[in-house]
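# Observations on the three-dimensional arrangement
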Amino acid sequence: MATALSEEELDNEDYYSLLNVRREASSEELKAAYRRLCMLYHPDKHRDPELKSQAERLFNLVHQAYEVLSDPQTRAIYDIYGKKGLEMEGWEVVERRRAPAEIREEFERLQREREERRLQQRTNPKGTISVGVDATDLFDRYDEEYEDVSGSGFPQIEINKMHISQSIEAPLTTTDTAILSGSLSTQNGNGGGSINFALRRVTSAKGWGELEFGAGDLQGPLFGLKLFRNLTPRCFVTTHCALQFSSRGIRPGLTTVLARNLDKNTVGYLQWRWGIQSAMNTSIVRDTKTSHFTVALQLGVPHSFALISYQHKFQDDDQTRVKGSLKAGFFGTVVEYGAERKISRHSVLGAAVSIGVPQGVSLKVKLNRASQTYFFPIHLTDQLLPSAVFYATVGPLVVYFAMHRLIIKPYLRAQKEKELQKQRENTATDVLQKRQEAEAAIRLMQESVRRIIEAEESRMGLIIVNAWYGKFVNDKSKKSEKVKVIDVTVPLQCLVKDSKLILTEASKARLPGFYDPCVGEEKNLKMLYQFRGVLPQVMVPDSEALRIPKQSHRIDTDG
């Protein structure tokens, strides 16, 4: 009697890797792989009770994989959504023989029903904290005015302004969302706050509308309406009209933005603003994988300016970005340059130096963590002092590299090791089970491997001499980590057919006779094989496809 597989066992398997076939495999390829594994794992071929039990488990697993992939409907669901798609409630009422597009539509309907049940539990909090620092006493000092004041030998650094804002979103239905936001501001001892409530409705796939109500102690009630509409696949328009009530009367305002995709990476904007600060603005934004470029021109009262900015995106793990901008107008000229870098999984740290006439020199430090932003503008001087520019540029770099080396890097290394250790502990039982299954599969393969080797030797074909899978460490100080590799010579030899070995583009930990010896770490497959009297060698990353023999794998046997 066949033993049923648990849901956890099925969740941990990749059906394509288990059968060692391409995701585009034809029904004939699936059938051939299935028959081959059935011949290897069929319980009736083994008399030993322990081997028979293990063969039965592996046979049922192979059968489950083939059952899913051989049926067009279940395979389409599996290809699009994986095993979670197969587990979605409601498929039992879906008509058979549907096309993949119809299956996708049906799945999305079921997914929407499930999402509606979880809407009440979802919010999207966002917040900003800005603390303005006046450090002009570091550079702009007038000693003759303070020579009689006690303690005047020390520079006075003050917090002269602060702003805090927070917002949350509460989805009411799949089309309606309520947004609540508030802010508090203070500057030089004077401050105030405001609160806003907005209700947004998605009217169609092409647009949405939003009603806004607000009130504050500095300004009176506010009523606003926002509209968004896709005019064409490449063009959209947004409109925001508002009525601000104050002691001076009603002040209306209107802002309209028309945007068009000029090409795949470039968007052009036209903006018209009427009200307290009327202006017309045009800008072009080009955003690519490696750069972000903006050019803008505004004509308005009281501000008119021209802006050009460029940002270079480095393709490294820390997502480093270097940026610079020039802005010139009636208010003066400002040059700004800076950089930002990812310091942890959810945090990005950035700094910029602003040099302007008549604004002076400022240092702006910003930390983004998840959906929260912490901003610290530090005003250094009202004049263009080279010393202020030097310290504003070099100071943050020295502090960052010191903190990165002494605090951030050790902390991230400790966190990563802690996560890996936790992952190992959580998967220890599963890894032990997978190891036992792999060892059992290897015992089941012995007879087949013996026949394959005999056939390959008779025609000087493909013999797997040695093969290892796992984490390879070249650093001599970490020799102990070499235990994180396993011998997979027998499983690979079992996959040899007609002097060829073909592994698909997927994790090899799911192949018969394999298991993951180092959960959460990078793995490779290293192999030494014999073909036509030559000993080639190859090492490939875990998820990379492999086809041997290959001429480029040859090595110098004398070495």
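Residues numbered from 1 in each chain as written. Predicted model: local features only at pLDDT ≥ 70, side-chain atom pairs only at ≥ 80, totals over all residues. Heavy atoms only, no water.

### Comments concerning helix H8 (residues 386–458)
Relative to the 108 Å expected for 73 residues at 1.5 Å per residue, H8 spans just 81 Å between its end C-alpha atoms, considerably shorter than the ideal helical length. Along its length, H8 shows its largest kink, about 55 degrees, at Thr-427. Phi turns positive one or two residues past the end of H8, at Met-460, with a value near 50 degrees. (Helix = DSSP H or I, 4+ residues; strand = E, 2+ residues; numbered from the N terminus. Expected span 1.5 Å × (residues − 1). Bend = angle between axes of the 7 residues up to and from the residue.)

### Some points on the sheet that holds strand S22 (residues 537–541)
Across the sheet, which stays open at both edges, the four strands sit in the order S19-S18-S21-S22 with antiparallel pairing between neighbours. Each edge of the open sheet is held by one strand with a lone partner, namely strand S19 (485–487) and S22. Within this sheet the neighbouring strands show an average axis-to-axis angle of 20 degrees, counted without direction. (Pairing = 2+ DSSP bridges. Axes fitted to C-alpha atoms, helices over the stretch in contact; angles between N-to-C directions.)

### Side note on the packing of helix H3 (residues 27–41) against helix H4 (residues 49–70)
Viewed as axis vectors pointing N to C, H3 and H4 meet at an angle of 170 degrees, and their least axial separation amounts to 9 Å. In terms of orientation, H3 and H4 fall into the roughly antiparallel class. Residues Leu-30, Lys-31, Tyr-34, Leu-37, Cys-38 and Tyr-41 of H3 touch H4, and the partners they reach there are Ala-55, Leu-58, Phe-59, Val-62, His-63, Tyr-66 and Leu-69. Classifying every residue of the contact of H3 with H4 gives eleven nonpolar, one polar and one charged. (Parallel < 35°, antiparallel > 145°, perpendicular 65-115°, else oblique. Contact = heavy atoms within 4.5 Å. Nonpolar A, V, L, I, M, F, W, Y, C, P; charged D, E, K, R; others polar.)

### Here we look at the confidence of the model for the protein
This prediction gives the protein a mean pLDDT of 83; 84% of its residues lie at or above 70. Across the protein, element-level confidence peaks in strand S12 (residues 305–313) with a mean pLDDT of 96 and bottoms out in helix H1 (residues 7–11) with 41. This stretch, residues 1–12, has a pLDDT under 50; its non-local contacts, to residues over four places away or in other chains, come to 24 contacts. Contacts from residues 90–97, a stretch scored under 50 in pLDDT, to residues over four places away or in other chains number 13 contacts. (pLDDT = per-residue confidence, 0-100.)

### Topic: the pairing of strand S21 (residues 524–530)
With seven bridges joining them, strand S18 (residues 463–470) and S21 adopt antiparallel strand pairing. Within S21, the residue paired with Gly-470 across the bridge is Asn-524. The hairpin turn running from S21 into S22, its antiparallel successor, is six residues long, and Arg-532 in that turn takes a positive phi close to 55 degrees.

### Some points on unusual backbone geometry
A cis geometry characterises the amide bond from Val-357 onward to Pro-358, with omega recorded as 10 degrees. Its location among the elements puts Pro-358 in the loop between strand S15 (347–357) and strand S16 (360–369). A cis amide bond, omega 5 degrees, links Ile-548 with the succeeding residue Pro-549. In this model, Ala-370 sits at a positive phi of 55 degrees, which is unusual for a non-glycine residue. Along the chain, Ala-370 turns up in the loop between S16 and strand S17 (372–381). You will see that Asp-498, though not glycine, has its phi angle at about 55 degrees, which is positive. By the element assignment, Asp-498 lies in the loop between helix H9 (489–494) and strand S20 (501–503). The exposed category is assigned to Asp-498, whose relative accessible area is 55%. (Buried < 20%, exposed > 50% of the residue type's maximum accessible area, 1.4 Å probe, protein only.)

### Some points on the packing of aromatic side chains
Counting across every chain of the model gives nine aromatic pairs. The interplanar angle of 85 degrees and the centroid separation of 5.7 Å between the aromatic rings of Phe-213 and Phe-223 together place this pair among those described as edge-to-face. Of the two residues, Phe-213 is situated in strand S5 (residues 207–216) and Phe-223 in strand S6 (residues 222–232); the sequence distance between them amounts to ten residues. Centre to centre, the rings of Phe-390 and Tyr-391 are 5.4 Å apart; their planes meet at 75 degrees, and the pair counts as edge-to-face. The lysine or arginine in question, Arg-200, covers the ring of Trp-208, its NZ or CZ lying 5.0 Å from the ring centre. (Phe/Tyr/Trp six-rings, centres within 6.5 Å; stacked < 30°, edge-to-face > 60°. Lys NZ or Arg CZ within 6 Å of the ring centre and 35° of its normal.)

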